[in-house]
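What the coordinates show
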Amino acid sequence: MTEFEFPWEYNFPPFFTLQKHTETRKQQISRWKELILSYAKQNNQAVININDESELFSNSKINRTLDRELREVILTELCKTKNAELVGGKNSGTYELYWLTVDEWSNVIYSWAVNSGMTNSVLTFFELLNGDDTRDQQFYQLNEQVFMKALKHLEGKGKCEVMEIDGNYGVKFF
């Protein structure tokens, strides 16, 4: 895996402080949202905790750290666009991240199932998330919780059935 390449703003000290000017603040939050989702995608990171210190929120080169309040503002905005979801309650600071929304993930997965002729077949989560047949797919090695949410979304539309046998999950696409 290649090292994540941070955008130029990451080395600009004001990027780490909530901007007062409305338009500047909108741009700042938008760029942080893009940064967080790009970082999560490249690192296949589906969960983030805004209480944790990480290279994402702290730039040691310029001695700047994004404060918790601004982290919460940004993740709240990601929740509004359905690119994040708070888990474990507000005080937990833990969010699931979706570089594609759950709806978009469900469409990607279902399109693959239809295009590859896998409808009316039962497939295990393991073979879908780690198998040779899906190695070139966006959902390859996707976080299992995010994968499950996407399948539950499809199940709600009548496009698949999720099943559990002895603690292992499988899915049948229709």
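As a reminder, the structure under discussion sits directly above these lines.
Figured I'd write up the structure that's included with this text. Here the structure is a predicted model, which is why all the values come from computation and not from measurement. (Residues numbered from 1 in each chain as written. Predicted model: local features only at pLDDT ≥ 70, side-chain atom pairs only at ≥ 80, totals over all residues. Heavy atoms only, no water.)

For the protein, the count of helices and strands is five helices and eight strands. Taken from N to C terminus, the helices and strands of the protein fall in the order α-β-β-β-α-β-β-α-β-α-α-β-β. Along the first, second and third principal axes, the C-alpha atoms of the protein reach 55 × 35 × 30 Å. Taking the intrachain contacts of the protein between residues at least 6 apart in sequence as the baseline, contacts between residues at least 24 apart amount to 53%. Total accessible area on the protein is roughly 9,900 Å²; 48% of this is exposed by carbon and sulfur atoms. (Helix = DSSP H or I, 4+ residues; strand = E, 2+ residues; numbered from the N terminus. Contact = heavy atoms within 4.5 Å. Areas by Shrake-Rupley, 256 points an atom, 1.4 Å probe, with all protein chains shown as cover.)

Across a sheet, paired strands are connected by hydrogen bonds in the backbone, their directions being either parallel or antiparallel. Strand order in the open sheet made by the three strands is β1-β5-β4, with antiparallel pairing throughout. Either end of the sheet is taken by a strand with one partner, and the two such strands are β1 (47-49) and β4 (84-87). For this sheet, the mean angle separating the axes of adjacent strands, direction not counted, is 30°. Bridge count for β4 against strand β5 (residues 94-97) is four bridges, and the pairing is antiparallel. Paired with L86 across the strands is Y95, a residue of β5. Contacts from helix α2 (residues 68-80) reach β1, β4 and β5, with the element oriented near 45° to β5. (Pairing = 2+ DSSP bridges. Axes fitted to C-alpha atoms, helices over the stretch in contact; angles between N-to-C directions.)

We now examine the packing of aromatic side chains. Per the counting criterion, the structure on display carries 16 aromatic pairs. Relative to F147, the ring of F125 has its centre 5.1 Å away and its plane inclined at 90°; by these criteria the two rings are edge-to-face. Taken together, the residues F125 in helix α4 (residues 125-130) and F147 in helix α5 (residues 144-156) connect sequence positions 22 residues apart. Comparing F125 with F147 shows no difference in burial state: the two are buried. (Phe/Tyr/Trp six-rings, centres within 6.5 Å; stacked < 30°, edge-to-face > 60°. Buried < 20%, exposed > 50% of the residue type's maximum accessible area, 1.4 Å probe, protein only.)

Attention now moves to the sheet that holds strand β7 (residues 160-165). On the basis of which strands lie adjacent, the open sheet formed by three strands has the order β6-β8-β7 and antiparallel pairing. Both edges of this open sheet fall to β6 (122-124) and β7, since each of them pairs with a single strand only. Between one strand axis and the next, the sheet turns by 30° as a mean value, whatever way the strands run. Note: β6 against strand β8 (residues 168-173), three bridges, orientation antiparallel. Residue pairing across strands places L123 opposite V171, the latter belonging to β8.

In the contact formed by helix α3 (residues 102-115) and α5, the axes pass within 8 Å of each other and the chain directions differ by 80°. One element, α3, and the other, α5, form an angle in the roughly perpendicular class. Across the interface between the two elements, V102, D103, W105, S106, I109 and Y110 from α3 touch V146, F147, K149, A150, L151, H153 and L154 from α5. Residue classes in the contact of α3 with α5 are distributed as nine nonpolar, two polar and two charged. (Parallel < 35°, antiparallel > 145°, perpendicular 65-115°, else oblique. Nonpolar A, V, L, I, M, F, W, Y, C, P; charged D, E, K, R; others polar.)

The next subject is the layout of surface pockets. Empty space left among the atoms is revealed by rolling a probe the size of a water molecule over them. The volume enclosed by the largest pocket comes to roughly 190 Å³. Every residue along the wall of the largest pocket is listed here: E3, F4, F6, Y10, N11, E55, S58, N59, S60 and K61. (1 Å grid on protein atoms, 1.4 Å probe; cavity = no way out; pocket = protein on both sides within 12 Å on 5 of 7 lines; lining within 4 Å. Points joined across faces, edges and corners; volume = space filled by probe spheres on them.)

A few words on the pattern of salt bridges. All chains considered together, the criterion is met by 12 salt bridges. Taking the shortest distance from any N to any O, the salt bridge between E72 and R68 comes out at 2.6 Å. With E72 and R68 both in helix α2, this residue pair falls four residues apart, about one helical turn. Here E155 and K152 are joined by a salt bridge, their closest N and O atoms 3.2 Å apart. Of this pair, E155 and K152 both sit in helix α5, three residues apart, roughly one helical turn. One connected set of salt bridges, linked through shared partners, spans E9, R31 and E34. (Salt bridge = Lys/Arg side-chain N within 4 Å of Asp/Glu carboxyl O.)

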